[in-house]
Amino acid sequence: MRPRFLGSTLLAILVYALLPEAWAANSRLLMAWDIGVVCYLALAWIMAAHSSTAKMQQRAAEEDETAVVFLILTLAAAVASLAAIAVELYGLHDTDNEQVFRLAIAGVTILCSWFFVHTIYAIHYAHEYYGDRGERQGLAFPHKDKPDYWDFLYFSFNLGAAGQTSDVAIVSKRMRRLALAHTILAFLFNTTILALAVNVGAGQL
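Remember, predicted model here, so these are calculated numbers, not experimental data.

Here is what the cut-offs are and how they apply
Residues numbered from 1 in each chain as written. Predicted model: local features only at pLDDT ≥ 70, side-chain atom pairs only at ≥ 80, totals over all residues. Heavy atoms only, no water. Helix = DSSP H or I, 4+ residues; strand = E, 2+ residues; numbered from the N terminus. Expected span 1.5 Å × (residues − 1). Contact = heavy atoms within 4.5 Å. Phe/Tyr/Trp six-rings, centres within 6.5 Å; stacked < 30°, edge-to-face > 60°. Buried < 20%, exposed > 50% of the residue type's maximum accessible area, 1.4 Å probe, protein only. Lys NZ or Arg CZ within 6 Å of the ring centre and 35° of its normal. UniProt positions renumbered as here; feature names shortened; annotations may be inferred. Salt bridge = Lys/Arg side-chain N within 4 Å of Asp/Glu carboxyl O. Core = buried A, V, L, I, M, F, W, Y, C linked by side-chain atoms within 4.5 Å. Polar contact = N/O pair within 3.5 Å; in protein donor to acceptor, adjacent residues only side chain to side chain.

Considering helix α1 (residues 2-18)
A turn of α-helix holds 3.6 residues, and therefore any two residues three or four places apart point the same way. Between the first and last C-alpha of α1 there are 24 Å, a value that for 17 residues agrees with the 24 Å anticipated at 1.5 Å per step. Considering only its buried residues, α1 is in contact with α2 (25-49).

Regarding the packing of aromatic side chains
Per the counting criterion, the structure on display carries 14 aromatic pairs. Plain terms: the ring middles of Tyr 121 and Tyr 125 are 5.8 Å apart, the flat faces sit at 40° to each other, and that makes the pair tilted. Of this pair, Tyr 121 and Tyr 125 are both found in helix α5 (residues 99-129), four residues apart, which corresponds to roughly one turn of the helix. Residue class for Tyr 121 comes out buried when judged on its relative accessible area of 3%. Judged by relative accessible area, Tyr 125 falls into the buried class, the value being 0%. Above the face of the Tyr 16 ring, Arg 28 is positioned so that its terminal group lies 4.4 Å from the ring centre.

Structural notes on the UniProt feature "transmembrane region" (unreviewed entry) in the protein chain
The UniProt record annotates "transmembrane region" (unreviewed entry) at residues 34-54, 66-87, 99-123 and 179-202. Across residues 34-54, the secondary structure splits into 86% helix and 0% strand, with the terminal C-alpha atoms separated by 32 Å. A helix fraction of 100% and a strand fraction of 0% characterise residues 99-123, whose end C-alpha atoms lie 36 Å from each other.

Side note on the pattern of salt bridges
Summed over the entire model, instances satisfying the criterion amount to one salt bridge. Here Glu 128 makes a salt bridge to Arg 174, at a shortest N to O gap of 2.7 Å. Of this pair, Glu 128 sits in helix α5 while Arg 174 sits in helix α8 (residues 173-203), placing them 46 residues apart in sequence. Owing to a relative accessible area of 9%, Glu 128 belongs among the buried residues under this scheme.

Here's the deal with the nonpolar core
The biggest cluster of nonpolar side chains holds 48 residues, and the ones touching the most others in it are Ile 85, Tyr 121, Tyr 125, Leu 139 and Phe 152. Those elements that place two or more of their residues in this core are α2, α3 (53-63), α4 (67-89), α5, α7 (149-162) and α8. Counting residues per element, this core draws most heavily on α5, at 14 residues. Setting aside residues no more than four positions away along its own chain, Leu 139 makes contact with Tyr 129, Phe 152, Phe 155, Val 168, Ala 169, Ile 170, Val 171 and Met 175.

Overview of the environment of Ala 140
Considering the arrangement of structural elements, one finds Ala 140 in strand β1 (residues 139-140). We classify Ala 140 as partly exposed; its relative accessible area is 32%. With 29 residues separating them along the chain, Ala 140 and Ala 169 place their C-alpha atoms 5.0 Å apart. Setting aside residues up to four positions removed in sequence, Ala 140 forms contacts with Asp 167, Val 168, Ala 169 and Val 171.

Description of the side chain of Asn 26
Of note, Asn 26 is situated in helix α2. Asn 26 has contacts with Ala 84, Val 87 and Glu 88, leaving out every residue within four places of it along the chain.

Quick look at the side chain of Thr 109
With respect to the helices and strands, the residue Thr 109 is situated in helix α5. Residue classification places Thr 109 among the buried residues on the basis of a relative accessible area of 0%. A polar side-chain atom of Thr 109 sits 2.9 Å from a polar atom in the side chain of Asp 34. What Thr 109 contacts, discounting residues up to four positions off in sequence, is Leu 30, Trp 33, Asp 34, Ser 81 and Ile 85.

Now the structure itself:
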C-alpha cells in the first residue's frame, strides 16, 4: 500500500506544478488531489483483484506497526479536502464565468474523497483481520471461504453509505472500535457533503 500511496502523492505534486498558474491555487490543489486519488484507487483495486489471502496476510504483517498512523494521516488528508471544497465553493454566485468549472471540480473531489476514505478503511479492515498471522480476524462473513479484499470493500462501503451491513457481524473489540470510528467519520463526511450541497443550492436561488 505504501508504494502505491507514495506514487500517487508524487503524481499529485507533479500535476499541481504543471497546471496553469492562471487557475486559483485552491482549484489546482483540488485537481491535483483528484488525480492523485484516482491513481491510488486504480492501483488499490488492481491490487485487490490480484491478491490471494496468503498475500493479504503477508502484507498485514509487514504494515501492522504503522497501520494506525498511516490511517490517521490519510483520513486527515481526505477531511482536509472537504475544507478545500468549502473554499472552492465560497462566493460561487459572484463569479458566474467560473461557476460551472468550480462546481465540477468540487463535485469530482467529493466523489473521489468519498471513495478514497472507504477504500482506505477497507484495506485497513483486511489487514486488521489478517493480523497476528491470520488469527486476529474480528469479522464474521456468511461464507466459509477466507475473505478477500472485495469482501472488505463490500463491508466498508456498506458501512460508509448505510451505517450497517445485513450479513457481516463484528465479533471483536478491536474491529468494533475501528468500525465505530469509521461510522462516525462517514456520518460527518456525508453530513458535510449535504450541508455544502444545500449551501450551494441556496446560493443559486
